[in-house]
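# Structure assessment
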Amino acid sequence: LLENFTRGLLYANWYSLMCYYILALASCLMSAFYWRTDICFWMWGLMAVAILVPFAQPRTFHAISFFSLLSTVSIIVAVAIIAAAFITGTTTEEEFVPPTWKVPRQPFLSGYSNIANILFAFQGQSEFYEMASEMKNPKKFPFSLGVSQVIMASMYLFTALLAYTYGGANVNGFILYSLPENALRTVCSILVGVHIIVAYMITNQPLAYKTHEFLSKATIHASGTKPALIHLAITSVFLAIGYIVSNVIPFFADMQGVISAFAAAPIIFFFPAYFYIQACRKNGDWAGVPIYEKAWLATMIVVLFPFCFGVGLVSSISGIATNWSGSDQKPFQCIVASQL
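Residues numbered from 1 in each chain as written. Predicted model: local features only at pLDDT ≥ 70, side-chain atom pairs only at ≥ 80, totals over all residues. Heavy atoms only, no water.

Attention shifts here to the overall build of the chain. Of the regular secondary structure elements, the chain holds 10 helices and 0 strands. Along the chain, from the amino end to the carboxyl end, the secondary structure elements read α-α-α-α-α-α-α-α-α-α. Over its C-alpha trace the chain gives a radius of gyration of 21 Å, about what one expects of a compact globule, namely 20 Å for 340 residues. With respect to the three principal axes, the spread of C-alpha positions in the chain is 60 × 55 × 40 Å. Here the chain holds 340 residues, and the buried ones make up 40% of them. Look at the contacts in the chain between residues 6 or more apart in sequence, and 81% of them connect residues 24 or more apart. Summing over all exposed atoms, the chain offers an accessible surface of approximately 18,100 Å²; the carbon and sulfur share of this is 70%. For the chain, the separation between the mean place of its 16 positive charges and that of its 14 negative charges on side chains is 11 Å. (Helix = DSSP H or I, 4+ residues; strand = E, 2+ residues; numbered from the N terminus. Rg over C-alpha atoms; globule rule 2.2 N^0.38 Å. Buried < 20%, exposed > 50% of the residue type's maximum accessible area, 1.4 Å probe, protein only. Contact = heavy atoms within 4.5 Å. Areas by Shrake-Rupley, 256 points an atom, 1.4 Å probe, with all protein chains shown as cover. Lys, Arg positive; Asp, Glu negative; His and termini not counted. Charge placed at Lys NZ, Arg CZ, Asp CG, Glu CD.)

Quick look at the structure:
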């Protein structure tokens, strides 16, 4: 039962991320073509889905790996443009609120949403085994993982600290909306969009693979028209449902909060600790585990997991309700960038 629940949670997490990437790509398009105020968010969403359809067709991580370099270069150049905009003071915050090390007074649930964003950023381990399984030499995965995590953490910290230092506390949650409306914003938004497309491809692969295996196991590794059409049908359904979800929750921070609460919290805190404990007991090594490790494992399972799950879910749902109630707009009505 726990095995099936764990597998289902991972699948749900992957699909939630895919919905988020549709939302992110639509927002990138809206940011890139900022002068097209006549186009609503749901229209940008349709364009995002149309763009993603061909890129969702590669069926292995090996095929997707050729896009990884493009993604890496795109995000590095985008971060450089963002950094230049903030350092030169050309960003567009309505009111500059100076940065401070002190935590500002705010409702508890609102403050927790910032922690949820951190959990969201570091819950990619749900796909690590799938990635390692397709490596030519899986033994090198720990090294590649360590390098990638260091680079990723450095990029996150650099971008966040720089934006907060130069842009203050009112930096937009979707940072592209803080850039000045000019050609560099368009270029930067397109570059981030490229990165998001590759992220969608990576997340889509294991879920599409498992779905294909369930529907037609005989064609999962076959080539030809029939397997390609089955894969196309699966990815098209994923995109169609994801489009609906991204229009129901078109707010970045709230979407991140929902994913980090119901999926990231157990994936980060509960399952690693639980599986480690079970493995130690199965091998007869539990008695030799240091007491401080046992205390930390207990904290992860009994304190951190239920807290992040419960509080995170309430915080994100509350944020969604607040954002919708603060506007007369409804899902699929015409929402523009200034309302997101």
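Still more to cover.
Side chains that differ in charge, positive against negative, can pair when their charged atoms come close. According to the stated counting rule, one finds 1 salt bridge in the structure shown. Between Arg 36 and Asp 38 there is a salt bridge, with its nearest N and O atoms 2.8 Å apart. Looking at Arg 36, the relative accessible area reads 36%, which means it is partly exposed. (Salt bridge = Lys/Arg side-chain N within 4 Å of Asp/Glu carboxyl O.)

In this structure, Leu 176, Cys 188, Tyr 200 and Phe 238 are the most contacted members of the largest nonpolar core, which totals 53 residues. Listing elements by their share of this core, those giving two or more residues are helix H1 (2–32), helix H2 (41–55), helix H3 (61–87), helix H6 (141–167), helix H7 (183–215) and helix H8 (225–248). For this core, the leading source of residues is H1, giving 15 residues. Beyond its immediate chain neighbours, meaning those up to four positions away, Tyr 200 contacts Met 18, Tyr 21, Ile 22, Leu 52, Ala 56, Phe 238 and Leu 239. Membership of the second largest hydrophobic core comes to 13 residues, among which are Ala 116, Ala 264, Ile 268 and Met 300. (Core = buried A, V, L, I, M, F, W, Y, C linked by side-chain atoms within 4.5 Å.)

What follows deals with the side chain of Asn 204. Structurally, Asn 204 can be placed in helix H7. For Asn 204, the residues in contact, after removing those within four places along its chain, are Met 18, Ala 56, His 231, Thr 235 and Phe 238.

This next bit is on the packing of aromatic side chains. Here the structure, examined in full by the defined rule, presents 14 aromatic pairs. Arranged with centres 5.6 Å apart and planes meeting at 10°, the rings of Phe 270 and Tyr 274 form a pair that is stacked. Note that Phe 270 and Tyr 274 are positioned in helix H9 (residues 252–282) at a spacing of 4 residues, about one turn of the helix. Owing to a relative accessible area of 18%, Phe 270 belongs among the buried residues under this scheme. For Tyr 274, a relative accessible area of 25% translates into the label partly exposed. Here Arg 281 stacks its cationic end above the ring of Trp 286, 5.3 Å away from the centre of that ring. (Phe/Tyr/Trp six-rings, centres within 6.5 Å; stacked < 30°, edge-to-face > 60°. Lys NZ or Arg CZ within 6 Å of the ring centre and 35° of its normal.)

Turning to H6, a few remarks are in order. An α-helix turns once per 3.6 residues; consequently, residues spaced three or four apart project the same way. Along its 27 residues, H6 runs 38 Å from first to last C-alpha, staying within 8% of the 39 Å computed at 1.5 Å per residue. Listed in full, the buried residues belonging to H6 are Phe 141, Thr 159, Leu 162, Ala 163 and Gly 167. Elements that come into contact with the buried residues of H6 comprise H3 and helix H5 (128–133). One or two positions beyond H6, positive phi appears at Gly 168, with a value near 80°. (Expected span 1.5 Å × (residues − 1).)

A few words on the packing of H3 against H7. Packing of H3 against H7 leaves a shortest axis separation of 8 Å and a crossing angle of 150°. Considered as vectors, H3 and H7 are oriented roughly antiparallel to each other. For the element pair H3 and H7, the recorded crossing hand is left-handed. Across the interface between the two elements, Phe 61, Ile 64, Phe 67, Leu 70, Ser 71, Ser 74, Ile 75, Val 77, Ala 78, Ile 81 and Ile 82 from H3 touch Leu 184, Val 187, Cys 188, Leu 191, Val 192, Val 194, His 195, Val 198, Met 201, Ile 202, Gln 205 and Pro 206 from H7. (Axes fitted to C-alpha atoms, helices over the stretch in contact; angles between N-to-C directions. Parallel < 35°, antiparallel > 145°, perpendicular 65-115°, else oblique. Left-handed = near helix turned anticlockwise from the far one by under 90°.)

Here Thr 203 shows up in helix H7. In this structure Thr 203 comes out as buried when scored by relative accessible area, which is 4%. Polar side-chain contacts of Thr 203 include one of 3.0 Å to the backbone oxygen of Ala 199. Residues in contact with Thr 203, not counting those within four places in the same chain, are Trp 14, Leu 17, Met 18, Tyr 21 and Glu 127. (Polar contact = N/O pair within 3.5 Å; in protein donor to acceptor, adjacent residues only side chain to side chain.)

Another point: H8. Counted at 1.5 Å a residue, the expected span for H8 with its 24 residues is 34 Å, and the 35 Å between its end C-alpha atoms agrees. Among all positions of H8, only Pro 227, Ile 230, His 231, Ile 234, Thr 235, Phe 238, Leu 239, Gly 242, Tyr 243, Ser 246 and Asn 247 are buried.

Averaged over every residue, the pLDDT of the chain is 85; residues scoring 70 or more account for 93%. Across the chain, element-level confidence peaks in H2 with a mean pLDDT of 94 and bottoms out in helix H4 (residues 108–121) with 73. (pLDDT = per-residue confidence, 0-100.)

Our focus in this paragraph is the environment of Leu 176. Mapped onto the elements, Leu 176 comes out in the loop between H6 and H7. The class for Leu 176 is buried, based on a relative accessible area of 1%. Taking the C-alpha atoms as reference points, Leu 176 and Met 30, separated by 146 residues in sequence, lie 9.8 Å from one another. For Leu 176, the contacting residues outside a window of four places in its chain are Cys 28, Ser 31, Ile 82, Arg 185, Cys 188, Ser 189 and Val 192.

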